[in-house]
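# Fold and geometry: a report
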Amino acid sequence: MSILRNRVRDHLLKQIHKGKLEIGKSINLAELSRTLNVSVTPVREALSQLEYAKVIRAIPNSGFVVPRLSKNEAMDLYGITAQLEMMALESVSFSENEIARLRSQYQTMSQATNSFDQLKARFRFHDELLLNCGNMVLVQILDNLKLRLLFYEHFVAMDMDFHQLMMNQHEAMIQAIEENNTPTACLIVKMNWMAVLDHVMRQIGNST
């Protein structure tokens, strides 16, 4: 069932990314079930997961809607994510094979042919960063936060200058990890999330 739930969740995120789910418009559960040819149960599960992560909002007697972006929320989310990911990364050690996986995911980022795949590949890179983090409570909190961040970032993913900046910063992360320089890797992680926040804030400003 979780596979179907994730399929529905990814579909909704992609629809938001493409602008096909408008802000304030209700999400039709039955129509979504028919479109994806799944029962309403995984659809409800996916909607509940996205509502918990505040990607969508439950409205009494109206179902779920895509909420309007908030600069204050974006600032809080990115600040918290940067601090928590730094904390998690401090406890992670990397073998040669794990560094090779980071390199492989970096290549996936560079070879992505559309903005949504670029976005997913970058988030997957950050998952790989924390793959060996022993604090599973911290990892779960970060997973929920990043689900909300994915919602914000669909506004900036089309910017190729932004994508190149991300590539440069992720290359720098790998180099610091290869040098066993965890403090520098953590600093670059923070700089990375703050750079994303800067782009998101400007895009929110341009859309209001």
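For the structure itself, look to the data block above.
None of these values were measured; they are calculated from a predicted model.

## Notes on the pattern of salt bridges
Applying the stated rule across the entire model yields nine salt bridges. Asp10 is paired through a salt bridge with Arg9; the nearest N and O atoms lie 3.2 Å apart. A salt bridge links Arg103 to Glu178, with the nearest nitrogen and oxygen atoms 3.4 Å apart. Linking Arg103 in helix H5 (residues 96-111) with Glu178 in helix H8 (residues 160-178), this pair joins segments that are 75 residues apart in sequence. On the accessibility criterion, Arg103 (26% relative accessible area) is partly exposed. If you follow the salt bridges from partner to partner, you end up with Arg101, Arg124, Asp127 and Glu128 in one network.

## Remarks on the environment of Leu149
Position of Leu149 relative to the elements: it lies in helix H7 (residues 136-153). Not counting the four nearest positions on each side in its chain, Leu149 is found in contact with Leu77, Tyr78, Thr81, Phe123 and Trp193.

## Some points on helix H3 (residues 40-52)
Taking 1.5 Å of rise per residue, 13 residues should cover 18 Å, and H3 covers 18 Å from first to last C-alpha, within 8% of that figure. Within the sequence span of H3, burial applies to Pro42, Val43, Ala46, Leu47 and Leu50. Summarising the axial view, the buried residues of H3 lie within an arc of 135°, below the 170-degree limit, and thus occupy one face. In the stretch just after H3, Lys54 is the one whose phi turns positive, near 65°.

Each value, and the rule that gives it
Residues numbered from 1 in each chain as written. Predicted model: local features only at pLDDT ≥ 70, side-chain atom pairs only at ≥ 80, totals over all residues. Heavy atoms only, no water. Salt bridge = Lys/Arg side-chain N within 4 Å of Asp/Glu carboxyl O. Helix = DSSP H or I, 4+ residues; strand = E, 2+ residues; numbered from the N terminus. Buried < 20%, exposed > 50% of the residue type's maximum accessible area, 1.4 Å probe, protein only. Contact = heavy atoms within 4.5 Å. Expected span 1.5 Å × (residues − 1). Arc of directions from axis to C-beta.

Purely spatial values, then, with no claim about function.
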